[in-house]
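Inside the fold
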Amino acid sequence: MKKTLQVLVFSFIIVILFYVTKQYWEGWILGAASLIISLSVIFIGFVIFLENRNPTATLTWLIILGSVPLLGFIFYIIFGRNFRKRKLFAKKALLDEQTYLKIEGGPYWSEEKITHMGEHQQLLFRLAQNLGKSPISFSTETKVLTNGEETFSHILEALRGATHHIHLEYYIVRHDDIGQQIKDILIERAQNGVQVRFLYDAVGCWKLSRSYIEELRKAGVDMIPFFPVKLPILNHKINFRNHRKIVVIDGTIGFVGGLNIGDEYLGKDSYFGFWRDTHLAVQGESVRTLQLIFLQDWYYMTGQKLLTPSYLSPQLIDKENLGGVQLIAGGPDNEWEIIKQLFFSMIISAEKSVWIATPYFIPDEDIFTALKVAALSGIDVRILMPKRPDKKIVFYASRSYFPELLEAGAKIYEYKKGFMHSKILIVDDEIASIGTSNMDMRSFHLNFEVNAFLYRTNSIRALTNDFIHDIAHSDIITEEQFSTRPIWVRLYESTARLLSPLL
């Protein structure tokens with residue numbers, strides 16, 4: 001009883017002391033926290049300054065850190081650390097380069113194949129070879145797949161016919177009708193001895209049901225998340241996503257392009273309605289490059305080396321006048337921002353036309369200047385974008401670039417039939433790029449992407465015809481019309497553009 005009383009008295013004294021000193025301790029803790037945050041912000045600002053980033057990005061970060069220090073500090077920890085990017089992907093970049101050179105051959109092997117091209121085209125493909133270590137192929141057949149129905153019908157047919165292996169790599173996978181169809185085929189093929197490997201982005205697929213993944217795993221499908229993030233708010237990995245969409249079946253046929261796995265890509269979303277998108281089927285020599293991109297990503301996440309002839313021996317196509325095909329992987333592991341550099345090279349080499357279809361248009365200063373100069377030089381510059389947004393801040397940031405482009409003479413169209421999600425660049429009806437990369441800074445600097453670069457292939461004619469058809473279902477934006485938009489819209493656009501280096 002005496003001990004109990006002593007404990008109660010001691011507890012009472014502690015409580016009294018706590019309340020008496022509460023204001024002092026709260027003030028001390030808040031002061032210390034404020035000092036730590038202030039010093040951290042100053043240090044981060046100093047680091048950003050020394051990194052010699054693009055001036056626009058540097059200024060954006062400094063403004064955010066100065067205006068809202070705590071929020072800016074958190075944003076920088078998640079999105080802004082360039083040195084973390086270099087450290088994360090240095091080993092992957094080195095291994096990828098060594099592997100591409102070993103499997104695909106050196107620059108001299110590719111040099112022999114491009115000497116009959118025009119001078120501008122030779123420069124572009126040499127640049128792609130030097131930066132991406134991926135050769136151009138003149139033994140590859142390609143077919144443009146327009147929209148979801150044609151794309152998925154071809155993919156489903158190829159999946160059902162798989163006999164040795166199926167490799168899939170996707171940013172978004174949904175457990176809906178098309179997702180269920182693909183799951184059922186993968187399970188059936190795996191149970192019949194086909195090796196199925198599925199690499200899915202951990203953030204892009206965060207809504208994918210656990211049951212979907214587990215059913216596939218139980219059937220023998222290797223399901224691997226790319227860059228899983230346990231604490232999204234405090235984890236810098238959330239900023240580097242695998243935006244690639246790759247399918248390779250038996251090493252003989254591959255698919256790449258803009259469509260993820262989901263019913264919205266078949267036009268079944270009530271908000272978007274018709275979904276306009278483009279994919280590419282690849283057969284022949286370049287399937288090996290697409291396979292190699294998948295296998296290197298698989299090795300990066302699993303440590304499994306699969307560089308064997310059974311995966312890297314595509315069926316060669318012996319036909320004339322197929323044109324040139326080059327598959328290029330871009331990402332934060334690449335020092336030179338390869339896809340952006342190739343886009344830039346294509347634009348400045350244009351002699352007649354530059355046609356772009358993209359859902360998001362947030363170019364960096366290099367691409368933006370190249371487009372304006374092309375338009376001012378009399379080049380037919382056309383940019384096709386969606387009329388209805390799926391991400392409002394990105395939509396309005398994109399529109400903030402319109403006035404200067406319109407003033408320079410570029411033509412801008414808004415697709416009104418549904419949602420425009422194609423990712424296309426066509427130059428002079430001779431060279432084109434189709435793949436997963438948007439015309440924005442995230443695709444250029446942060447995401448893992450893959451694009452096919454085409455030279456005088458039949459697919460370029462198909463892409464051109466599709467673009468002309470899409471223009472017929474679009475509204476052109478005139479300089480006079482765009483200048484009448486309300487002041488609040490302009491303020492929203494300017495604010496969104498200020499944040500564009502972070503989007």
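Cut-offs and rules
Residues numbered from 1 in each chain as written. Predicted model: local features only at pLDDT ≥ 70, side-chain atom pairs only at ≥ 80, totals over all residues. Heavy atoms only, no water. Helix = DSSP H or I, 4+ residues; strand = E, 2+ residues; numbered from the N terminus. Buried < 20%, exposed > 50% of the residue type's maximum accessible area, 1.4 Å probe, protein only. Pairing = 2+ DSSP bridges. Axes fitted to C-alpha atoms, helices over the stretch in contact; angles between N-to-C directions. 1 Å grid on protein atoms, 1.4 Å probe; cavity = no way out; pocket = protein on both sides within 12 Å on 5 of 7 lines; lining within 4 Å. Points joined across faces, edges and corners; volume = space filled by probe spheres on them. Nonpolar A, V, L, I, M, F, W, Y, C, P; charged D, E, K, R; others polar. Parallel < 35°, antiparallel > 145°, perpendicular 65-115°, else oblique. Contact = heavy atoms within 4.5 Å. Phe/Tyr/Trp six-rings, centres within 6.5 Å; stacked < 30°, edge-to-face > 60°. Lys NZ or Arg CZ within 6 Å of the ring centre and 35° of its normal. pLDDT = per-residue confidence, 0-100. Core = buried A, V, L, I, M, F, W, Y, C linked by side-chain atoms within 4.5 Å. Left-handed = near helix turned anticlockwise from the far one by under 90°.

1. Observations concerning the environment of glycine 273
Relative to the assigned elements, glycine 273 resides in the loop between β6 (253-257) and β7 (275-276). Once the C-alpha coordinates of glycine 273 and glycine 418 are considered, the two residues, 145 residues apart in sequence, prove to be 5.6 Å apart.

2. So, the pairing of strand β8 (residues 278-284)
Of all 7 residues in β8, 6 are buried; the element is thus mostly enclosed. As paired strands, β6 and β8 are joined by 5 bridges and run antiparallel to one another. Counted as the bridge partner of phenylalanine 255 is alanine 281 from β8.

3. Details of the sheet that holds strand β12 (residues 380-386)
Whether parallel or antiparallel, the strands of a sheet pair through hydrogen bonds between backbone atoms. Taken in spatial order, the 8 strands line up as β9-β18-β16-β15-β10-β12-β13-β19 in an open sheet, and their pairing is mixed. Bordering the open sheet on either side are β9 (324-330) and β19 (474-477), each of which pairs with just one other strand. Strand-to-strand twist in this sheet, taken as the mean axis angle between neighbours without regard to direction, amounts to 15°. Here 5 bridges tie β12 to strand β13 (residues 411-415), and the two strands are oriented parallel to one another. In the strand pairing of β13, isoleucine 383 is matched with isoleucine 412.

4. A few points about the layout of surface pockets
Looking at the second largest pocket, its volume works out to about 930 Å³. In terms of lining residues, the second largest pocket is bounded by 31 residues, among which Tyr171, Ile172, Tyr360, Lys391 and Arg442 are the most central. Contributing elements (two or more residues each) for the lining of the second largest pocket: α13 (392-399) and α15 (441-445). Residue classes in the lining of the second largest pocket are distributed as 14 nonpolar, 8 polar and 9 charged.

5. Some words on the packing of α13 against helix α18 (residues 487-498)
For the pair α13 and α18, the least separation of the axes is 7 Å and the interaxial angle reads 100°. With respect to α18, the axis of α13 lies roughly perpendicular. Across the interface between the two elements, Lys392, Ile393, Tyr396, Ala397 and Arg399 from α13 touch Val489, Tyr492, Glu493, Ala496 and Arg497 from α18. Tallied by class, the residues present in the contact of α13 with α18 amount to 6 nonpolar, no polar and 4 charged.

6. Details of the packing of aromatic side chains
One pass over the structure, following the stated rule, counts 20 aromatic pairs. Centroid distance tyrosine 271 to phenylalanine 272: 4.8 Å. Interplanar angle 80°. Geometry classified as edge-to-face. The interplanar angle of 25° and the centroid separation of 4.6 Å between the aromatic rings of tyrosine 396 and tyrosine 492 together place this pair among those described as stacked. Of the two residues, tyrosine 396 is situated in helix α13 and tyrosine 492 in helix α18; the sequence distance between them amounts to 96 residues. Tyrosine 492 sits in the partly exposed class, given a relative accessible area of 32%. Lying over the aromatic face of tyrosine 401, arginine 497 brings its terminal NZ or CZ to 4.0 Å of the ring centre.

7. Topic: the confidence of the model for the protein
Scored by pLDDT, the protein comes out at a mean of 85, with 77% of its residues at no less than 70. Here residues 1-12 scores under 50 on pLDDT; set against residues more than four positions off or in separate chains, the count is 0 contacts.

8. Details of empty space enclosed by the protein
The gaps left among the atoms become clear once a water-sized probe is rolled over them. Enumeration according to the criterion identifies 4 cavities of 30 Å³ or more in this entry. Together, Arg276, Thr278, Ala357, Ser422, Ile424, Leu463, Asp466, Phe467 and Asp470 line the largest cavity. Looking at the lining of the largest cavity, the element that brings in the most residues is helix α16 (residues 458-471), giving 4 residues. Within the lining of the largest cavity, the residues separate by chemical class into 4 nonpolar, 2 polar and 3 charged.

9. So, the nonpolar core
Among the nonpolar cores identified, the biggest contains 53 residues, and Phe343, Val354 and Leu371 are the most heavily contacted of them. The residues contacting leucine 371, other than those within four sequence positions of it, are Ile347, Val354, Ile356, Phe361, Val381, Ile383 and Leu405.

10. Concerning the packing of helix α8 (residues 177-191) against helix α9 (residues 210-218)
Taken N-terminus to C-terminus, the directions of α8 and α9 make an angle of 20°; their axes are 9 Å apart at the nearest point. The angle between α8 and α9 places the two elements in the roughly parallel class. Note on packing geometry: the crossing formed by α8 with α9 is left-handed. Of the residues in α9, those touching α8 at Gly179, Gln180, Lys183, Leu186 and Ile187 are Tyr212, Glu215 and Leu216.

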